[in-house]
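Residue-level structure breakdown
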Amino acid sequence: MIDHHAHPFDRKPGPFEPTRLAIDLDDLDGGRPTAPVRPDTVWRALFVSRLARRFGVPVGELAAARAEHAVDYQAHVRRLFSDAGIDVLVLDPGWPPGSERHADDFARLSGCTVHLLWRLEPLVDDLLEQGRGVGEILAAVDEHVGSAHGRGFCGFKSVIAYRSGLAIDPDATTARAGSALRRGGPSASKPLRDLMFQRLLAGAADTGLPLQVHTGFGDSDLRLGSADPTLLEDVLDTPAGRHAPIVLLHSGFPYQDVASYLAAARSNVHVDVSLVNIFAPANLPDGLRRVVGVAPVDRVLFGTDAYLLPEAFWFAAVMLREAWQVVRDGLLAQGMDAGWTTAAEHAMFDGNARRLYRLDGDGTRPPASPDTSEEDRG
């Protein structure tokens, strides 16, 4: 499996804390729980239960079993990725910040080939904090986007949904962006962010590198209504929006039908299934059925969006494989040709990502960049 959307994980073993997996940021401080959190959600209870079963111990003995297995941490991590069937990772190193410097560690620990994405917002956020003008920010974005492929990045990513939402104004201009910044106020950066997103979109169209766009649910600092993929339609109708390879992340959950429709209606739009594997695993077969029931399977990609805990990669991949088995069996029961389901499985788990990100070569390991501002997972 090519895990085409994931984040860096712990490079050293530490206490096993399932509560680090959370979408409520009020419960976390730097990725650590601020207070004990009971496993009172299906997804967390299932994560713990499945992992205990993998180690062959009762749930109450999981922490001790994990500590024993993680004594040889590299061997432990490699077993997890091998069991999950993940052999290629496309990592977004924007969170935790500065993780691009450790790409070789992630490859060594996981046994996977590692490729990296370039994320827009750390650069823009940093330059805004420095008080740079629109022209300087535009030049910096153009420089980074134009050189991304040469620096070894295999694609782009934007979490503009977290910053100003997906209702991107296709008529944003440098003059409007500068005027808004000078006026100030809560939404002062929106015209600038809209403009920079369009520069990123143009760069994706020019280079052919895919652009991942966060859609749907995420961390609790996201306004869900601003992450509806429907809001992208205006910018998708621009020349760059019609040509850039675009990946709508997380199947836009809970807007799966919208994201799937956009992938079906626009030949350059793809839909990703990730994150829901962790935070909505009980709903995954139904969500996956809705995605593949509308979107062409050659535009569907699978990922984990796992982070911090290597066990999360294992869990998300296992949940995804089991969900696909349920969907596949349902299709076969409806009379679908078995050869079609086999080809679709290969495409969604491997072939589509391999083609879209051009992953036939060695893993990319770009050097450290100054993009180290705090970020949402996305």
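Heads up: these notes are all about the structure in this document. This one's a predicted model, so the numbers in the text were calculated from it and none came from an experiment.

Observations concerning the side chain of glutamate 311
- Structurally, glutamate 311 can be placed in helix α15 (residues 310-333).
- Within the structure, the side chain of glutamate 311 is placed 2.7 Å from the side chain of arginine 66, a separation counted as a polar contact.
- Setting aside anything within four residues of it in sequence, one finds glutamate 311 in contact with Phe16, Phe47, Leu51, Arg66, His76 and Leu80.

Quick word on the sheet that holds strand β10 (residues 300-302)
- An order of β1-β4-β5-β6-β7-β8-β9-β10 is seen for the 8 strands of this open sheet, with the pairing classed as parallel. Of all strands in the sheet, those bounded by a partner on one side alone are β1 (2-6) and β10. Strand-to-strand twist of the sheet, defined as the mean angle between neighbouring strand axes without regard to direction, takes the value 30°.
- Relative to strand β6 (residues 155-158), strand β5 (residues 113-119) runs parallel, the two sharing 3 bridges. Bridge pairing in β6 links tryptophan 118 to phenylalanine 156.
- Each of β8 (246-248) and β9 (269-273) is contacted by helix α12 (residues 256-265), which is oriented at about 145° to β9, the strand it contacts most.

A closer look at the state of the cysteines
- According to the stated counting rule, one finds 0 disulfides in the structure shown.
- In this structure cysteine 112 is not part of a disulfide, and its nearest cysteine sulfur, from cysteine 154, lies 14 Å away.
- Classification of cysteine 154 as buried rests on a relative accessible area of 4%.

Focus: the packing of aromatic side chains
- In total, this model carries 10 aromatic pairs according to the counting rule given.
- Summarising the aromatic geometry, the rings of tryptophan 43 and phenylalanine 279 are spaced 4.7 Å apart at their centres and angled 85° between planes, so their arrangement reads as edge-to-face. Here tryptophan 43, found in helix α1 (residues 42-55), pairs with phenylalanine 279, found in helix α13 (residues 276-279); they are 236 residues apart in sequence, far enough to count as distant. No difference in accessibility class separates tryptophan 43 from phenylalanine 279, as the two residues are buried.
- Here a set of aromatic residues connected by ring pairs shows up, and it is made of Phe9, Phe81, Phe106 and Phe313.
- For arginine 54, the ring lying beneath its charged end belongs to tryptophan 314, and the centroid distance is 5.8 Å.

Regarding empty space enclosed by the protein
- Counted according to the given criterion, the structure contains 3 cavities of 30 Å³ or more.
- Roughly 60 Å³ of internal volume is contained in the second largest cavity.
- Of the residues forming the lining of the second largest cavity, the biggest block, 3 residues, is contributed by helix α14 (residues 284-292).
- Class assignment for the residues of the lining of the second largest cavity results in 6 nonpolar, 4 polar and no charged.

Rules of the game
- Residues numbered from 1 in each chain as written.
- Predicted model: local features only at pLDDT ≥ 70, side-chain atom pairs only at ≥ 80, totals over all residues.
- Heavy atoms only, no water.
- Helix = DSSP H or I, 4+ residues; strand = E, 2+ residues; numbered from the N terminus.
- Polar contact = N/O pair within 3.5 Å; in protein donor to acceptor, adjacent residues only side chain to side chain.
- Contact = heavy atoms within 4.5 Å.
- Pairing = 2+ DSSP bridges.
- Axes fitted to C-alpha atoms, helices over the stretch in contact; angles between N-to-C directions.
- Disulfide = S-S within 2.5 Å.
- Buried < 20%, exposed > 50% of the residue type's maximum accessible area, 1.4 Å probe, protein only.
- Phe/Tyr/Trp six-rings, centres within 6.5 Å; stacked < 30°, edge-to-face > 60°.
- Lys NZ or Arg CZ within 6 Å of the ring centre and 35° of its normal.
- 1 Å grid on protein atoms, 1.4 Å probe; cavity = no way out; pocket = protein on both sides within 12 Å on 5 of 7 lines; lining within 4 Å.
- Points joined across faces, edges and corners; volume = space filled by probe spheres on them.
- Nonpolar A, V, L, I, M, F, W, Y, C, P; charged D, E, K, R; others polar.

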